[in-house]
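Residue-level listing of the chains:
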Amino acid sequence: MAQHLTLPPYDWPVMQPGWVWLCGAGSGDPGLLTLHALNALRQADVVIYDALVQEAILDWAPQAEHIYAGKRGGKPSAKQRDISLHLVDLARAGKRVLRLKGGDPFVFGRGGEEAQTLVQHGVMVRIIPGISAGIGGLAYAGIPVTHRDVNQSVTFVTGHDQSGNTPGSLDWESISKGSQVIVIYMGMKHIAQIAAHLMKAGRNPSEPVAVVTTATTPEQQVLETTLGAIVDDIARAGLEPPAIICVGQSVLMRQVLDWQGMAAGEAPRNLDPLGRGLPAESA
Ligand code: SAH
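Here the structure is a predicted model, which means the values were calculated and not measured.

**Some thoughts on the overall build of the protein chain**
A count of helical and extended segments in the protein chain gives nine helices and 10 strands. Since a compact globule built from 283 residues should have a radius of gyration of about 19 Å, the 21 Å found for the protein chain is in line with a globular shape. For the protein chain, the spread of C-alpha atoms along the three principal axes comes to 60 × 55 × 35 Å. Among the 283 residues that make up the protein chain, the fraction classed as buried is 46%. Here the protein chain holds 22 positive side-chain charges and 26 negative ones, and the gap between their average locations is 6 Å.

Next comes the structure, spelled out in structure tokens:
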């Protein structure tokens, strides 16, 4: 039975027939939906969702038709162009269309392409950002994506390009030199090449790395390893995508910030993993 939350009073946007709302669903945990996403779920006639969207979220749109547009059971994913044109057709049929994508629709989510096709066909769109796995997923693992003692910048990279290869267009040398923390999406398939590129470009094999799979869901797993050991350790742990891979010293912060472990009764492993000193006791 779907449980309905009532939205607090606010001037919530009304979904008009013929519009498509392109919306991030957050990185897994339904609690990471935005209120705009919830407002959309309550109004949509049709929800078209991707593989990374937790099905529990669809229960919040019981009035809507649910259409799956992702990869499942090893079948090839629906073609991007077909999905975009399907959205156009639904909008033209006067539906209130909610296009729900994992994380944030504009972060490695092809949301820009879908929105562009919609606009090119004269369809009105609204964009609802979401919590991306590279930020929210790491936070659930107790890893701050920026931390003042570690990094003043962060680089999000994809481990795949359109051809499914490691992105040939990426300048690993520059990324390696210029990015204190590197967050890799879709990196599992090519992790061996990616790690090799980074080490060849000067990153230390002992550099800490975290791999967070199915982040923010009850199945979340976190592997702490190093650049030099990552390939063997992933295999040993039997980890599968989807995974976010974080390379950099901020991974050490998990030793003090693994809040899920602490909630389950574990003690923090190291209160000062970066060696910056503990705060003095206040008098
Ligand atoms: N738009 C999404 C990213 C889509 S690309 C976002 O903003 O999060 C798909 C990749 O995202 C996956 O291969 C994985 O690297 C990452 N990802 C998405 N959800 C994830 C999750 N719950 N746990 C770990 N990685 C996730």
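Following the structure, the description resumes.
**Considering the site of the ligand**
Close contacts around the ligand come from 17 residues, with Ser-27, Val-107, Ser-132, Ala-215 and Ala-243 the closest. A distance of 2.7 Å is found between a nitrogen atom of the ligand and a backbone nitrogen or oxygen belonging to Val-107. One of the side-chain N or O atoms of Ser-132 is found 2.6 Å from an oxygen atom in the ligand. Considered on its own, the ligand offers 540 Å² of accessible surface; in the complex 92% of this is hidden by protein. Its residues assigned to classes, the shell around the ligand comprises 11 nonpolar, five polar and one charged. The residues that make up the shell around the ligand include at least three from each of domain 1 (2-6 + 17-131) and domain 2 (134-263).

**Re the packing of aromatic side chains**
One pass over the structure, following the stated rule, counts five aromatic pairs. Through pairs of rings, three or more aromatic residues link up here, namely Phe-108, Phe-156 and Tyr-185. The cationic tip of Arg-126 hangs over the ring face of Trp-21; the distance from NZ or CZ to the ring centre is 5.4 Å.

**Remarks on the pattern of salt bridges**
Two side chains that carry opposite charge are able to pair once their charged atoms sit near each other. With the rule as written, the count across this model stands at 12 salt bridges. Residue Asp-50 pairs with Arg-99 through a salt bridge whose shortest N-O separation is 2.9 Å. Here Arg-99 lies in strand β4 (residues 97-101) and Asp-50 lies in the loop between β2 (46-49) and β3 (65-68), a separation of 49 residues in the sequence. Here Asp-50 matches Arg-99 in class, with each residue buried. With a shortest N-O distance of 3.5 Å, Lys-101 and Asp-50 are connected by a salt bridge. Taken together, the residues Lys-101 in strand β4 and Asp-50 in the loop between β2 and β3 connect sequence positions 51 residues apart. In this structure, Lys-101 and Asp-50 share a single accessibility class: buried. Through salt bridges with shared partners, a single ionic network connects Asp-50, Arg-99, Lys-101 and Glu-114.

Conventions adopted
Within each chain, residue numbers correspond to sequence positions counted from 1 in written order. Restriction of local features to residues with pLDDT of at least 70 applies here, the model being predicted, together with a cutoff of 80 or more for giving and counting side-chain atom pairs; totals for whole chains, interfaces and linings are based on all residues. The basis for the side-chain values is all heavy atoms of the structure; hydrogens and waters are excluded. Secondary structure counts use DSSP, requiring at least four H or I residues in a row for a helix and at least two E residues in a row for a strand, with both numbered from the N terminus. In this setup the radius of gyration rests on C-alpha atoms only. A globule is expected at 2.2 Å times the number of residues raised to 0.38. For every residue, the accessible area (1.4 Å probe, protein chains only) is compared with the maximum for its type, and the residue is labelled buried under 20%, exposed over 50%, or partly exposed between those bounds. Charge assignment: positive for Lys and Arg, negative for Asp and Glu; neither His nor the chain ends contribute. By convention, the charge on Lys lies at NZ, on Arg at CZ, on Asp at CG and on Glu at CD. For this description, a residue counts as near a given molecule or strand if any of its non-hydrogen atoms is within 4 Å of it. Any pair of nitrogen or oxygen atoms within 3.5 Å is treated as a polar contact; in protein, a donor-acceptor pairing is required on top of that, and neighbouring residues in sequence qualify only through side-chain atoms on both sides. Methods summary: accessible areas were calculated by the Shrake-Rupley approach with a probe of 1.4 Å, and residue burial reflects only the protein chains presented. Classification convention: Asp, Glu, Lys, Arg as charged; Ala, Val, Leu, Ile, Met, Phe, Trp, Tyr, Cys, Pro as nonpolar; all other residues, Gly among them, as polar. A domain assignment, automatic or from a database, supplies the domain bounds used here. Whether two aromatic rings pair depends on their centres lying within 6.5 Å, for rings of Phe, Tyr and Trp, where Trp uses its six-membered ring; planes under 30 degrees apart make the pair stacked, over 60 edge-to-face, and the rest tilted. We call a charge positioned above a ring when the Lys NZ or Arg CZ atom is no farther than 6 Å from the ring centre and deviates by at most 35 degrees from the ring normal. Salt bridge, as used here: a side-chain nitrogen of Lys or Arg that lies within 4 Å of a carboxyl oxygen of Asp or Glu.

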